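Next come the chains, spelled out residue by residue.
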Amino acid sequence: MADSSAQRITIADVAREAGVSRTTVSHALNGRGQVDPATRSKVEDVARSLGYRPNRHAQRLRTGGTSMIALLSSMPFTVSGGPSRLGFFMEVASVAATSALERGLVMALVPPHRPDQNSLNLLDIDGALVIEPQAGDPQLAALLAQGLPVVSIGRPGGDNIDVPYVDLLSGPATQMLLTHMLAQGAQRIALVVGASERTSYSQAEQAYAAMAAGHGMQPVTLRLDEALGEDGGYAAARQLLTEHPELDAMLVMVDAFAVGAARYAQEAGRRIPEELMLATRYDGLRARSCEPPLTALDLHLETVAQQAVDLLFEHLRGDMTRRTASSPLPSLALRRSTQRKPR
């Protein structure tokens, strides 16, 4: 993956390589002033060979134009589509768009797309917000390769990339859900996460492993391809409950998986929550409309979105001082799927 700390090619680099002034480079590339055709061609060739991309945000600051940022989710359509179109992505988008506009920024929503599609190259944007990018995320790599300022909502997956981010506190969030399930009488809890290398999954696994060790519980963890969506959650529940019939609780971090798991449990005659507790991470439309409704977490995405736009705006202005922000600690949204004991 591209490293955001790599030096960006500047107009001064082009001027030095072409043997002309920076003003000449600016005029040649922007079609202004009196520049000899041969010189203009030489500057264009040098800029192309160096991989120079103009700083559109700086240009717009000079000309008074409007800047544009983009919001992207790296989740596949099976997770980010369906009811989730009105969930995590849109909950962030609605607040981020308003917050951006207050700062003179227009925000574009980029729908999920295949890694081989080049739609990002078609966007004339100045920066971007990316929701929970995985390690080696192709969208994040493409944005960084263009030299664009990027802020990640959730710490980026992997260890080899330096991108400013808003911390979603996935470890404490997982611990909160597990503690609740234990307090409701769970004895054997399984964890289901996505197979992608996302920070939210790795921190959930760490919190789960610590809980299992602390309670003498044999850990049961299943990683699942996100592209399988609800059907994947259905198959995962079938596998887990067949191989581990003693399970009495499942923490399914992806809401699409959790809905599928609830469907299988009910078809298999496992009463929720009396025989099987079920919880998920995000308190979105999927969790609320599931039958029974699923215990989940209020991630305070309104605050998260505002923090992300603030951080990106600082970087667009050239202030790179602040690299991280932390979301408020999530709060439990308790529902019937885990409520065995009276509150």
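Every residue gets a number counted from 1 within its own chain, in the order that chain's sequence is written. Local features in this predicted model are restricted to residues whose pLDDT is 70 or higher, and side-chain atom pairs enter the listing and the counts only when it is 80 or higher, whereas totals over whole chains, interfaces and linings include all residues. Side-chain numbers here rest on the full set of heavy atoms in the structure, without hydrogens or water.

1. Notes on the overall build of the chain
And then number 1: Helix and strand assignments come from DSSP, with helices taken as H or I runs of at least 4 residues and strands as E runs of at least 2, each series counted from the N terminus. Looking only at helices and strands, the chain has 13 helices and twelve strands in total.
And then number 2: The cut-offs for exposure are 20% and 50% of the maximum accessible area for each residue type, with area from a 1.4 Å probe on protein chains only; residues under the lower value are buried, those over the upper are exposed, and the others partly exposed. The proportion of buried residues among the 343 residues of the chain is 50%.
And then number 3: Pairs at least 24 residues apart make up 70% of the contacts formed inside the chain by residues separated by at least 6 positions.
And then number 4: Carbon and sulfur atoms make up 50% of the accessible area of the chain, which totals about 15,600 Å². By definition, residues are in contact when any of their heavy atoms lie within 4.5 Å. For the accessible areas, the method is Shrake-Rupley and the probe is 1.4 Å, while residue cover comes only from the protein chains on display.

2. Some points on the sheet that holds strand E5 (residues 165-167)
And then number 1: In spatial order, the strands read E2-E1-E3-E4-E5-E11; together these six strands make up an open sheet with parallel pairing. In the strand order of this sheet, the two ends are held by strand E2 (105-110) and strand E11 (324-326), each with one partner. Neighbour to neighbour, the strand axes of the sheet diverge by 20 degrees on average, direction disregarded.
And then number 2: Both strand E4 (residues 150-153) and E5 contribute to a ladder of two bridges, which runs parallel. A pair of strands is considered paired only if DSSP assigns at least 2 bridges between the two. Every angle, taken between N-to-C directions, lies between 0 and 180 degrees, and every axis is a line fitted to C-alpha atoms, over only the stretch in contact when it is a helix.

3. Things to note about the confidence of the model for the chain
And then number 1: Per-residue confidence for the chain gives a mean pLDDT of 87, with 85% of residues at or over 70.
And then number 2: The predictor reports its confidence for every residue as pLDDT, a score running from 0 up to 100. Every residue in residues 1-6 scores below 50 in pLDDT, and together they form 14 contacts with partners more than four places removed in sequence or on other chains.
And then number 3: Scored below 50 in pLDDT, residues 61-65 makes one contact in the model with residues more than four places away or belonging to other chains.

4. Description of the pattern of salt bridges
And then number 1: Salt-bridge detection follows one rule: a side-chain nitrogen of Lys or Arg within 4 Å of a carboxyl oxygen of Asp or Glu. Inspection of the entire model under this criterion finds 16 salt bridges.
And then number 2: A salt bridge links Arg335 to Asp283; the nearest nitrogen and oxygen atoms lie 2.7 Å apart. Of this pair, Arg335 sits in the segment after strand E12 (331-333) while Asp283 sits in the loop between strand E9 (277-282) and helix H12 (285-289), and the two are 52 residues apart along the sequence.
And then number 3: The class of Arg335 is buried, set by a relative accessible area of 19%.
And then number 4: Two residues, Glu314 and Arg322, come together in a salt bridge whose shortest N-O distance is 2.9 Å.

5. Side note on unusual backbone geometry
And then number 1: A cis amide bond, omega 5 degrees, links Ile272 with the succeeding residue Pro273.
And then number 2: Residues Glu291 and Pro292 are joined by a peptide bond in cis, for which omega reads 0 degrees.
And then number 3: Along the chain, Pro292 turns up in the loop between H12 and strand E10 (295-298).
And then number 4: Within the chain, His300 stands out as a residue other than glycine whose phi angle is a positive 55 degrees.

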